[in-house]
Amino acid sequence: IALNQSNLPHLPESFVRPTYDRSKLKAGIVHIGVGGFHRSHEAYYTDELLANTQSTEWGICGVGLREADRKIGDVLKQQDYLYTLIVKHPDGKIENRVIGSIIDFMLASDDSSAVINKMANEETKIVSLTITEGGYHFNPVTNEFDFDHPDVQHDLANPTTPKMVFGYLTAALKKRRDEGLPAFTIQSCDNIQHNGDMTRRMLLAFARKQDPDLATWIEEEVRFPNAMVDRITPVTTSADIAILKDAGVDDAWPVVCEPFHQWVIEDTFSNGRPEWEKVGAQFVPDVTPYETMKIRLLNAGHSVLGLLGSIHGHQTIDGCIADPLFATYLRRFMDIEATPVLAPVEGIDLEDYKSTLITRFGNPNVKDNLARICLESSAKLPTFLIPTIVENLKKGGSVKYAALVIAAWCYYSDKGTDKNGEALDIIDAMKAELHNAATGTANDKLSFLKLEDIFGELINSETFTTEYSRQLDALYTKPDIAQLMGALIEE
Ligand code: NAD
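Thresholds, definitions, all that
In every chain, residue numbers begin from 1 and rise along the written sequence. Given that this is a predicted model, residues contribute local features only at a pLDDT of at least 70 and side-chain atom pairs are listed and counted only at 80 or more, while totals for whole chains, interfaces and linings are drawn from all residues. Remark: hydrogens and water are excluded; side-chain values derive from all non-hydrogen atoms of the structure. An automatic or database domain assignment provides the domain bounds reported here. A contact between two residues is defined here by any heavy atoms of the two lying within 4.5 Å. When a carboxyl oxygen of Asp or Glu is within 4 Å of a side-chain nitrogen of Lys or Arg, the pair counts as a salt bridge. Polar contact is the term for a pair of N or O atoms within 3.5 Å; when the atoms are in protein, one must be able to donate a hydrogen and the other to accept it, and sequence-neighboring residues count only if both atoms are side-chain atoms. The helix and strand labels rest on DSSP assignments: H or I over at least four residues marks a helix, E over at least two residues marks a strand, and numbering proceeds from the N terminus. Each axis is a line fitted through C-alpha atoms, taken for helices only over the stretch in contact, and angles between the N-to-C directions span 0 to 180 degrees. Gly is placed with the polar residues, together with every amino acid not listed as nonpolar (Ala, Val, Leu, Ile, Met, Phe, Trp, Tyr, Cys and Pro) or charged (Asp, Glu, Lys and Arg). One heavy atom within 4 Å of a molecule or strand makes the whole residue count as near it. Accessible surface area values rest on a Shrake-Rupley calculation with a 1.4 Å probe, where residue burial reflects the displayed protein chains alone.

### A look at the domain arrangement of the protein chain
- Each domain of the protein chain was delimited in the assignment, giving domain 1 (5–284) and domain 2 (288–490).
- Here the C-alpha centre of domain 2 lies 29 Å away from the C-alpha centre of domain 1.
- Listed as interface residues are 32 residues of domain 1 and, on the opposing side, 29 residues of domain 2.
- Across the contact surface, domain 1 and domain 2 share two salt bridges.
- Put simply, Glu258 and Arg360 hold a salt bridge, and the shortest N to O gap is 2.4 Å.
- Taken together, the connections running from domain 1 to domain 2 amount to ten residue pairs in polar contact (both at pLDDT 80 or more).
- Contributing elements (two or more residues each) for the side of domain 1 that touches domain 2: β10 (227–230), β12 (262–266) and β13 (282–284).
- Considering every element that reaches the side of domain 1 that touches domain 2, the biggest residue donor is β10, with four residues.

### Section: the packing of helix α15 (residues 377–384) against helix α16 (residues 386–395)
- One can describe the packing of α15 onto α16 by two numbers: an axis separation of 4 Å at closest approach and a directional angle of 35 degrees. Along the contact surface, α15 presents Leu381, Pro382, Thr383 and Phe384, while α16 presents Ile386, Pro387 and Thr388.
- Partitioning the contact of α15 with α16 into residue classes produces five nonpolar, two polar and no charged.

### Some remarks on the site of the ligand
- Taken together, 20 residues sit near the ligand, with Phe37, Asp69, Asp190, Asn191 and Thr233 positioned nearest.
- Here Phe37 contributes a backbone N or O atom positioned 2.8 Å from an oxygen atom of the ligand.
- The contact in question runs from a nitrogen atom of the ligand to an N or O atom on the backbone of Ile131, over 3.2 Å.
- Protein chains bury 80% of the 830 Å² of accessible surface belonging to the ligand in isolation.
- Among the residues making up the shell around the ligand, the classes are represented as six nonpolar, eight polar and six charged.

Printed below as a string of structure tokens:
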């Protein structure tokens, strides 16, 4: 049967479904970027909250800023904005849960003023974001907003018909200020360190250029809570859709995720907030130690396995962990390079956290594809991995495990194939630059490290370049990544 509101009572008995009255919900949250992660995380927490309280304030209106979001918009609309969250446990158990917290969706390119009006509406208390790391227009080297992007230029010139996120936020906040309404909170749920501070800085840089008075109002009125977000959410496959169909439910775009979920949020909101603490979120005064731990162990761990595994010919994260060499390598990287430069985290035993991570990564039912893990590596590695290298260089720590990952990334960008010559699916906004720099390796061994936007000052560290060159030589002589990993572990 088709998944929609009227069919909810007829779904298979095992399906958990919304029992609250969705017709009474107001859209207190407008969410930009309704990808898999929003649907497995914030929408899930909010669904759980709506199921457990009488709240009617916190429905979610999804917004897509890109033409590519048309498909999710069409699917959600056809299903009365319902979808199935397929929670896959490591022991093979599967829980299907229909999420009801999303109640509307708008595609910005269809009607930009409708989106601005929605955000500016009094009912909207929070605008939350999962727009990927690249959506923030942050230049990691200058540490400033990137005004050169054509969409940014467009939005500066066309404030009422924007294209990118900061154009929309600025237009909506201007309307609220002009109408005497309180500001909404802007809540980033992207994997970026201090994601709230980052959003604030980028938005203010943009707004200041467009309308300095408005920027001052935003500075004073808008809160941007930092948060650490976690729940592994791979891309939905046709097999996932088929499994639901076999169970008797037609859902055109379910979401798959692991059972683990974590959300640590700084408790600073402009205009009220859902009581997510009632459903497992943690509100803290300072999220820094939690997010650094997560980004440098989980996210960096993903990139380590993703780049090395891609060259080796592994397909998925669990496939890597099932290979003892990769599992050992990851643990060594975490123990010897990542952990020594992490501050202690209150209430968390790092040894347990790392062991749990390896179990989560090894979940054979969550087929997290390495192509997804490696996409947009140029936006990820500067926060996930490079800081660990930089801090180890400062204190004389080991950098060899990370150096092999960078060498592997160079090989991956240069050849675009695994060690057997199979083509890799590389998606990266800097793909051409990465490829050009990597192909330069033949004439200049450090060519790849000259991508200053990514590697910053690494090229000036003799300790690092010596280690990197050693690994790169070995890899280009014989691209047997497993042998190189084994040799490093043995050293
Ligand atoms: P996805 O591909 O399913 O969705 C990405 C969403 O971001 C889409 O709605 C897309 O339109 C939007 N987007 C991309 N670039 C944009 C831009 N420049 N401006 C505006 N919107 C843009 O990906 P996902 O799995 O939902 O992941 C999204 C983000 O969530 C990640 O980049 C990461 O920061 C965070 N996250 C993901 C996971 C995970 O396991 N998938 C876990 C933790 C955090």
